[in-house]
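The lines below spell out each chain.
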Amino acid sequence: MRAAKALFIRHGAERTPEGRALLLLRQCLSPAQRRQFAQTGYFDVVGGDTGSRYRIYAGAAANVCEIGETGCPRIGLCFLPVGDLPIGDVMLAQKIALETSEGSALAVARKFTPSRFLFSRSRPLR
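Residues numbered from 1 in each chain as written. Predicted model: local features only at pLDDT ≥ 70, side-chain atom pairs only at ≥ 80, totals over all residues. Heavy atoms only, no water.

**What about the nonpolar core?**
Within the largest apolar cluster, 16 residues are counted, with the highest numbers of intra-cluster contacts made by Leu25, Phe43, Ile56, Val64, Phe79 and Leu98. Among the elements of the structure, helix 2 (17–28), strand 1 (42–46), strand 2 (53–57) and helix 4 (87–100) are those that each provide at least two residues to this core. Looking at this core element by element, the count peaks at three residues for helix 4. If we ignore the near neighbours within four places in the chain, the residues touching Val64 are Tyr54, Arg55, Ile56, Ile75, Gly76, Leu77, Phe79, Gln94, Leu98 and Phe112. (Core = buried A, V, L, I, M, F, W, Y, C linked by side-chain atoms within 4.5 Å. Buried < 20%, exposed > 50% of the residue type's maximum accessible area, 1.4 Å probe, protein only. Helix = DSSP H or I, 4+ residues; strand = E, 2+ residues; numbered from the N terminus. Contact = heavy atoms within 4.5 Å.)

Written out as structure tokens, the structure reads:
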């Protein structure tokens, strides 16, 4: 009964714009990124220009951090596409921008000092 209920909820959620956006995001992640996202609510990407590591947390704004050598957030970044988009679409756009046009993304990003509180709340999206 529990499995049937979970399947029903998932099927219903995937019919919403938010659900379809998260489904598309998951399909565009590598297997390692997909596992990381499912377990932690964020995934790491490598910048296409510098090779720097970035972590994209579940969210639509102020949800990207450059990751330092210790694995901790070093610099927070806020950049997003124009329009009122579902979270999954925003995160996919951020991933693509960092991997293909890192310099352009960084040029428009607002930088901030990341707080442990802000990024410790990340949770997996269902």
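**A look at unusual backbone geometry**
The bulk of non-glycine residues show a negative phi, and the bulk of peptide bonds are trans. In this structure, Ala62 takes a positive phi of about 50 degrees despite not being glycine. Mapping Ala62 onto the fold places it in the loop between strand 2 and strand 3 (64–67). Under the relative-accessibility criterion, Ala62 is labelled partly exposed at 26%.

**What to know about the pattern of salt bridges**
The full count for this structure, using the stated rule, is four salt bridges. Glu66 is the partner of Arg74 in a salt bridge, and the nearest nitrogen-oxygen pair spans 3.0 Å. Looking at Arg74, the relative accessible area reads 47%, which means it is partly exposed. Between Glu99 and Lys95 there is a salt bridge whose closest N-O contact spans 2.8 Å. Here Lys95 and Glu99 lie together in helix 4, a separation of four residues that amounts to about one turn. Connected via shared salt-bridge partners are Asp44, Arg53 and Arg55. (Salt bridge = Lys/Arg side-chain N within 4 Å of Asp/Glu carboxyl O.)

**Section: the environment of Gly51**
Within the secondary structure layout, Gly51 lies in the loop between strand 1 and strand 2. When its relative accessible area of 44% is taken as the criterion, Gly51 is described as partly exposed. Those residues in contact with Gly51, other than ones at most four positions away along the chain, are Val46 and Glu102.

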